Amino acid sequence: MYSKSEHLPCPTRLAGDRLRSVGLRPTRQRIALAGLLFAKGDRHLTAEELHEEAVGAGVPVSLATVYNTLHQFTDAGMLRVLAVESSKTYFDTNTSDHQHFFVEGENEVMDIPTGELSVGGLPEIPEGMEIAHIDVVVRLRRKSS
């Protein structure tokens, strides 16, 4: 008789397969960080937040390694970089075309639901160029009472 857990895909194997599919060698640290990043669905986080999660999960990794790994994942198309403040970069696990809300003072990034924002009036694109992506960040703050 098989247990239910035998029918579920192994998170480590899934992370390793995902890394291999984009041409990255599945090292122990990459697998651990990919597991943390992608196990919770679409999310936006900084390198510092991922480092804190890794340390909390018992993954022995330096902040420099987290930064390097996030940039490798971004270069491989696994993540999208979102610069909402000059001092803070967020990494988005949702690489589809979409826009964001940013809650000032709370450093929270949220996806704007697809279809709720359209961008018009774009300038003429120089010859030989194409739009790679349009980033729109709508900044929010709590209403003062």
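Moving on, we come to the environment of Phe 101. Relative to the elements of secondary structure, Phe 101 occurs in strand E4 (residues 99-103). A C-alpha to C-alpha distance of 6.2 Å links Phe 101 and Asp 111, two positions 10 residues apart in sequence.

The 3 strands are arranged E1-E3-E2 in an open sheet whose pairing can be described as antiparallel. The open sheet has two edge strands with one neighbour each: strand E1 (44-45) and strand E2 (80-85). Note that E2 and strand E3 (residues 88-92) share 5 bridges and pair antiparallel. Looking at the pairing, Leu 82 lines up with Tyr 90 of E3.

A separate point is unusual backbone geometry. Its identity as a non-glycine residue notwithstanding, Asn 107 has a phi of 50°, on the positive side. Assignment of secondary structure puts Asn 107 in the loop between E4 and strand E5 (108-112).

Let us now look at a nonpolar patch on the surface. Side chains of Leu 117, Val 119, Leu 122, Ile 125, Met 129 and Ile 131 sit close together on the surface and give an oily, nonpolar patch of about 520 Å² of accessible area. Turning to its location among the elements, Leu 117 is positioned in the loop between E5 and strand E6 (137-140). Residue Leu 117 is classed as partly exposed on the basis of its relative accessible area of 37%.

The subject of this paragraph is the sheet that holds E5. Sheet architecture is open: 3 strands sit in the order E5-E4-E6, paired in mixed fashion. Taken across any chain shown, the strands that pair with only one partner, and hence form the sheet edges, are E5 and E6. Across the sheet, the mean angle separating the axes of adjacent strands is 25° when strand polarity is ignored. Examined bridge by bridge, E4 and E5 share 5 bridges and lie antiparallel to one another. Across the sheet, the residue bridging to Gln 99 is Ile 112, located in E5.

Moving on to helix H3 (residues 47-56). Considered for burial, the residues of H3 that qualify are Ala 47, Leu 50 and Ala 54. Each buried residue of H3 sits inside an arc of 65° when the element is viewed along its axis, so together they form one side. Among the exposed residues of H3, those pointing more than 90 degrees away from its buried face are Glu 52 and Gly 56. Check the buried side of H3 and you find it contacts helix H2 (28-38), E1, helix H4 (63-75) and E3. Just beyond H3, the residue with positive phi is Gly 58, at close to 80°.

Take the packing of H2 against H3 next. Geometry of a packed helix pair, given as the angle between the helix axes and the separation of the axes. The contact between H2 and H3 brings their axes to 10 Å, and the two run at 110°. Viewed along their axes, H2 and H3 adopt a mutual orientation that is roughly perpendicular. Across the interface between the two elements, Leu 33, Leu 36 and Leu 37 from H2 touch Leu 50, Glu 53 and Ala 54 from H3. Of the residues that constitute the contact of H2 with H3, the class distribution is 5 nonpolar, no polar and 1 charged.

Criteria and cut-off values
- Residues numbered from 1 in each chain as written.
- Predicted model: local features only at pLDDT ≥ 70, side-chain atom pairs only at ≥ 80, totals over all residues.
- Heavy atoms only, no water.
- Helix = DSSP H or I, 4+ residues; strand = E, 2+ residues; numbered from the N terminus.
- Pairing = 2+ DSSP bridges.
- Patch = residues over 30% accessible without salt bridge, like charges linked within 9 Å, V, L, I, M, F, W, Y side chains within 5 Å.
- Areas by Shrake-Rupley, 256 points an atom, 1.4 Å probe, with all protein chains shown as cover.
- Salt bridge = Lys/Arg side-chain N within 4 Å of Asp/Glu carboxyl O.
- Buried < 20%, exposed > 50% of the residue type's maximum accessible area, 1.4 Å probe, protein only.
- Axes fitted to C-alpha atoms, helices over the stretch in contact; angles between N-to-C directions.
- Arc of directions from axis to C-beta.
- Contact = heavy atoms within 4.5 Å.
- Parallel < 35°, antiparallel > 145°, perpendicular 65-115°, else oblique.
- Nonpolar A, V, L, I, M, F, W, Y, C, P; charged D, E, K, R; others polar.

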